[in-house]
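Geometric and topological summary
Chain by chain, the residues:
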Amino acid sequence: MEVTPEVQEKLDRLYEKIDEIIPPRMSVRLKPKRAKTTVFDSKLGGVPYFPKSMEYPTVCEGEFAGKPLFFLAQLNFSKLPKIDGFPSEGILQFFAGCADDTVYGMDFDDGCKQNGFRVIYHENITDDGSLIYSESDMPDFGDGEEYLPFKGEFLLEAETAALMHLTAADYRFDKAVAKAYNGLFGGSVSGMYGGDVSGLYNVDEPLGKAVWELSECGTRMGGFPFFTQYDIREEGNRYESYDIMLFQSDSENGGENGSWDDEICWGDAGVANFFIRAEDLKKRDFSNVLFNWDCG
């Protein structure tokens, strides 16, 4: 979207004020690329780094009890740009969904219940191939690839860590933009959209559109989340304390030729997020992680 100089000036002033209210955070954009990977790479799909001494994760209870979970992604922190608070070594993995599970392992009643999904952190990594999984050690998922948001595997290529503004999809944005806009330009803006004429889009549509365009999405670690619907961590609810975004997997094309086989798609062009509380991340305790995905 083309932004006029006048709108750009207002946008810069607005975000300078928003950044004072909710400071920017470091984030690393991870671009999926169709490629053959190793078990040590940061990636989507393929064969994970997994010690043979550990039991491969399965659904614990319910309709799909005992079925192996799909390997979704892993982050090898030793090969990624550093973000304060995140580990600098080890591999963090995300497993989600199984054959016949059309909601990718999400629990609508308890987003932190690691039943249909699992988050596993390997602090110490061995390069002894006899001790870790190879392709032949992977469980039989049956005819289940159709229940994944992508086919095959993708290398996650990391960009340089950079500061990221609060996104317009974050639950804190409405209060922040209202305070910033009203303080700078006057008026009674109530949030991004509002339920009536008080939304920024109604009051100043060119600026509202520019704000939305600036809200970064994409596959990434750290920073602020993007949602196609709404942030489930609303103020005052049980998920509000899950303030750190560990990993976000967005719908995007991970190939160079635009093939449908290279498409990464959560439902109808949705996005998946994994959140953790700051105190749990500090302890490297990944047993209490919030998993959510939504789509248009």
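Anything mentioned here points back to the structure above.
Residues numbered from 1 in each chain as written. Predicted model: local features only at pLDDT ≥ 70, side-chain atom pairs only at ≥ 80, totals over all residues. Heavy atoms only, no water.

A look at the overall build of the chain
- Counting its secondary structure elements, the chain contains five helices and 13 strands.
- For the chain, whose C-alpha radius of gyration is 20 Å, the value lies close to the compact-globule estimate of 19 Å for 296 residues.
- Principal-axis analysis of the C-alpha atoms gives the chain an extent of 65 × 40 × 40 Å.
- Per-residue burial for the chain yields a buried fraction of 51% across its 296 residues.
- In the chain, of all internal contacts separated by at least 6 residues, the share reaching a separation of at least 24 is 74%.
- For the chain, the accessible surface area stands at approximately 13,900 Å², while carbon and sulfur atoms represent 48% of it.
- Measuring between centres, the 28 positive side-chain charges of the chain sit 4 Å from its 53 negative side-chain charges. (Helix = DSSP H or I, 4+ residues; strand = E, 2+ residues; numbered from the N terminus. Rg over C-alpha atoms; globule rule 2.2 N^0.38 Å. Buried < 20%, exposed > 50% of the residue type's maximum accessible area, 1.4 Å probe, protein only. Contact = heavy atoms within 4.5 Å. Areas by Shrake-Rupley, 256 points an atom, 1.4 Å probe, with all protein chains shown as cover. Lys, Arg positive; Asp, Glu negative; His and termini not counted. Charge placed at Lys NZ, Arg CZ, Asp CG, Glu CD.)

Examining unusual backbone geometry
- Within the chain, Tyr104 stands out as a residue other than glycine whose phi angle is a positive 55 degrees.
- Note on placement: Tyr104 falls in the loop between strand 4 (91-96) and strand 5 (117-122).
- Residue classification places Tyr104 among the buried positions, given a relative accessible area of 10%.
- The backbone of Ala269 shows a phi angle near 55 degrees, a positive value even though the residue is not glycine.
- On the basis of relative accessibility, which here comes to 45%, the residue Ala269 falls in the partly exposed class.

Some remarks on the pattern of salt bridges
- This model, assessed by the stated rule, comprises 22 salt bridges.
- Measuring nitrogen to oxygen at the nearest pair gives 3.2 Å for the salt bridge that ties Glu159 to Lys31. Taken together, the positions of Glu159 in the loop between strand 6 (154-158) and strand 7 (162-164) and Lys31 in strand 1 (residues 25-34) put the pair 128 residues apart, joining distant regions of the chain.
- According to the relative accessible area criterion, Glu159 is partly exposed, its value standing at 33%.
- Judged by relative accessible area, which is 41%, Lys31 ranks as partly exposed.
- A network of salt bridges, in which partner residues are shared, links Arg25, Asp170, Arg172, Asp231, Arg233 and Asp243. (Salt bridge = Lys/Arg side-chain N within 4 Å of Asp/Glu carboxyl O.)

With respect to the packing of aromatic side chains
- Under the counting rule described, the total for this entry stands at 27 aromatic pairs.
- Here the aromatic rings of Tyr193 and Tyr201 are separated by 5.2 Å at their centres, their planes lie at 20 degrees, and the arrangement is stacked.
- What makes Tyr193 partly exposed here is its relative accessible area of 42%.
- You can call Tyr201 partly exposed: its relative accessible area is 22%.
- Ring centres 5.4 Å apart and planes at 50 degrees place the aromatic pair Trp212 and Phe226 in the tilted group. Remark: Phe226 occurs in the loop between strand 8 (220-222) and strand 9 (244-250) and Trp212 occurs in helix 4 (residues 205-214); sequence separation between them is 14 residues.
- Judged by relative accessible area, which is 28%, Trp212 ranks as partly exposed.
- Owing to a relative accessible area of 12%, Phe226 belongs among the buried residues under this scheme.
- Cluster of aromatic residues (ring-pair linked, three or more members): Phe50, Tyr56, Phe70, Phe71, Phe95, Tyr133 and Phe141. (Phe/Tyr/Trp six-rings, centres within 6.5 Å; stacked < 30°, edge-to-face > 60°.)

Brief notes about the nonpolar core
- Ranked by internal contacts, the top residues of the largest apolar core, which has 36 residues, are Phe94, Leu246, Phe247 and Phe274.
- Counting only elements with at least two residues in this core, the list comes to strand 1, strand 3 (71-76), strand 4, strand 5, strand 6, strand 9, strand 12 (271-276) and strand 13 (289-294).
- Filtering out sequence-adjacent residues up to four positions away, Phe94 remains in contact with Phe70, Phe71, Leu72, Ala73, Leu75, Arg118, Val119, Leu246, Phe247 and Phe274.
- Leu14, Phe173, Val189 and Phe224 belong to the second-largest nonpolar core, a separate cluster that totals 21 residues. (Core = buried A, V, L, I, M, F, W, Y, C linked by side-chain atoms within 4.5 Å.)

Considerations on the pairing of strand 4
- Along strand 4, six of the six residues are buried, which leaves the element largely enclosed by surrounding structure.
- Of the two faces of strand 4, the one holding Ile91, Gln93 and Phe95 and the one holding Leu92, Phe94 and Ala96 are both buried throughout.
- Sheet analysis places strand 3 next to strand 4, joined by five bridges and oriented antiparallel. Residue pairing for strand 4: Phe71 is matched across the bridge by Phe95. (Pairing = 2+ DSSP bridges.)

So, the packing of helix 1 (residues 5-21) against helix 4
- Close contact between helix 1 and helix 4 brings their axes to 10 Å; oriented N to C, the two are set at 60 degrees. Here helix 1 is positioned oblique relative to helix 4, judged by the angle of their axes. In this structure, helix 1 meets helix 4 at a crossing whose hand is right-handed. Of the residues in helix 4, those in contact with Val7, Lys10, Leu11, Leu14 and Tyr15 of helix 1 are Pro206, Leu207, Ala210, Val211 and Leu214.
- Residue composition of the contact of helix 1 with helix 4, grouped by class: nine nonpolar, no polar and one charged. (Axes fitted to C-alpha atoms, helices over the stretch in contact; angles between N-to-C directions. Parallel < 35°, antiparallel > 145°, perpendicular 65-115°, else oblique. Left-handed = near helix turned anticlockwise from the far one by under 90°. Nonpolar A, V, L, I, M, F, W, Y, C, P; charged D, E, K, R; others polar.)

Concerning helix 1
- An ideal rise of 1.5 Å per residue puts 24 Å on 17 residues; helix 1 measures up with 25 Å between its terminal C-alpha atoms.
- Turning to helix 1, its buried residues number three or more, namely Val7, Leu11, Leu14, Tyr15, Ile18 and Asp19. Seen along its axis, helix 1 keeps its buried residues to an arc of 135 degrees; they face one direction. Exposed residues lying more than 90 degrees from the buried face of helix 1 are Pro5, Glu6, Glu9, Glu16 and Glu20.
- Next to the buried residues of helix 1 lie helix 2 (173-185) and helix 4. (Expected span 1.5 Å × (residues − 1). Arc of directions from axis to C-beta.)

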